[in-house]
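Here are the chains, one letter per residue:
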Amino acid sequence: MAAAAVLSGGGEAPVLAVRGLTKRFGAFTAVDGIDFDVRRGEIVGLLGPNGAGKTTTMQMLLGLLTPSAGHITCFGLDLDAAREAVLSRLNFSSTYVNLPYSLTPRENLMVFAGLYGVRGARARVADVIAELGLSAFADKPTKALSSGQLTRLHLAKALLNRPELLLLDEPTASLDPDTADRIRTHLRGLRERDGLTILVTSHNMPEMEALCDRILFLQAGRIAFAGTPTELIASRGVADLEALFLAIAREDHPA
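A brief report on the enclosed structure follows.

Basis of the calculations
Residues numbered from 1 in each chain as written. Predicted model: local features only at pLDDT ≥ 70, side-chain atom pairs only at ≥ 80, totals over all residues. Heavy atoms only, no water. Disulfide = S-S within 2.5 Å. Phe/Tyr/Trp six-rings, centres within 6.5 Å; stacked < 30°, edge-to-face > 60°. Buried < 20%, exposed > 50% of the residue type's maximum accessible area, 1.4 Å probe, protein only. Lys NZ or Arg CZ within 6 Å of the ring centre and 35° of its normal. Pairing = 2+ DSSP bridges. Helix = DSSP H or I, 4+ residues; strand = E, 2+ residues; numbered from the N terminus. Axes fitted to C-alpha atoms, helices over the stretch in contact; angles between N-to-C directions. Contact = heavy atoms within 4.5 Å. Right-handed = clockwise from strand over helix to strand, strands pointing away.

1. Focus on the state of the cysteines
Applying the stated criterion across every chain, the model contains zero disulfides. Residue Cys 74 stays outside any disulfide, its sulfur separated by 18 Å from that of Cys 212, the closest cysteine.

2. A few points about the packing of aromatic side chains
Taken as a whole, this structure holds three aromatic pairs when the rule is applied. Measuring from ring centre to ring centre gives 6.4 Å for Phe 217 and Phe 225, while their planes differ by 80°; the resulting arrangement is edge-to-face. A residue is classified by how much of its surface remains accessible, and Phe 217, at 1% relative accessible area, is buried. Here Phe 225 falls in the buried class, since its relative accessible area comes to 18%. Positioned above the aromatic ring of Phe 25 is the side chain of Lys 23, whose terminal nitrogen or guanidinium carbon lies 5.4 Å from the ring centre. The side chain of Arg 89 reaches across the aromatic face of Phe 75, ending 4.1 Å from its centre.

3. Considerations on the sheet that holds strand β9 (residues 214-219)
The strand order across the open sheet built from six strands is β6-β7-β8-β3-β9-β10, with neighbouring strands paired in mixed fashion. The open sheet has two edge strands, β6 (90-94) and β10 (222-227), and neither has a second partner. The average undirected angle you get between the axes of adjacent strands in this sheet is 20°. Note that strand β3 (residues 43-47) and β9 share four bridges and pair parallel. Its bridge partner being in β9, Leu 47 is matched across the sheet by Phe 217. Here helix α1 (residues 54-61) sits on the sheet in contact with β3, β7 (165-169), β8 (197-201) and β9, set at roughly 145° to β8. Along the sheet face, helix α8 (residues 229-236) touches β9 and β10 and points at about 105° away from the line of β10.

4. Quick notes on the pairing of β8
Burial within β8 is extensive, with five of its five residues counted as buried. Side-chain alternation along β8 places Thr 197, Leu 199 and Thr 201 on one buried face and Ile 198 and Val 200 on a second face that is also buried. Two elements, β3 and β8, share three bridges in a ladder whose sense is parallel. Paired with Gly 45 across the strands is Val 200, a residue of β8. Note on the crossover from β7 through helix α6 (residues 177-194) to β8: the handedness is right-handed.

Fair warning: the whole summary comes from geometry, so function is off the table for now.
Shown next as structure tokens:
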């Protein structure tokens, strides 16, 4: 599918619009002129093998890396020119970012509520603790939590400011199937209730197939394929999204 097909149609302006986004590290191009939109209330998956450019793209969307070229518009605002206004309306969750281990989950959430300028911080922290099922370990040292509990804590942190756009990196990593399903259900509920928009990257293909409205598949820093999970699976005549991922990855790296 051509890259132009990634762009949204008419009507409401997209929550996130990316045009010509490029990131070079010396002679190496990690992200190579990608274009895509994400509309309000969509859940869009960003897939690709390791080294395809997913993390670099996420870091540019968060303002952590400066693009070599291209333009990011979020909520109709230029990210570079209105960074503070944009970042106050989004959030990010990744288990690869450490929280202070000496604090309890409740204390960590209170610290981040302060950083995010959350009004009624104590009540909001209590709400996300209840919503994400953290009550049983909310007052234990964070260093004592299991990897699955840490995953839920990171997501709770990301929801504190009631973001309009949520960027997720492996949102159910280390969770058992029941808890992972509860998290996916919770995210869908936030989408239905609040119009939450989500851009998510994961290597859990069944989850991405079940959760995402659309998939953007990166190869060597470019969007090689884009469409609904059903469209992408049908385009290759494979059984599911995991089979599609394996087929594309092995074209680039045959055994």
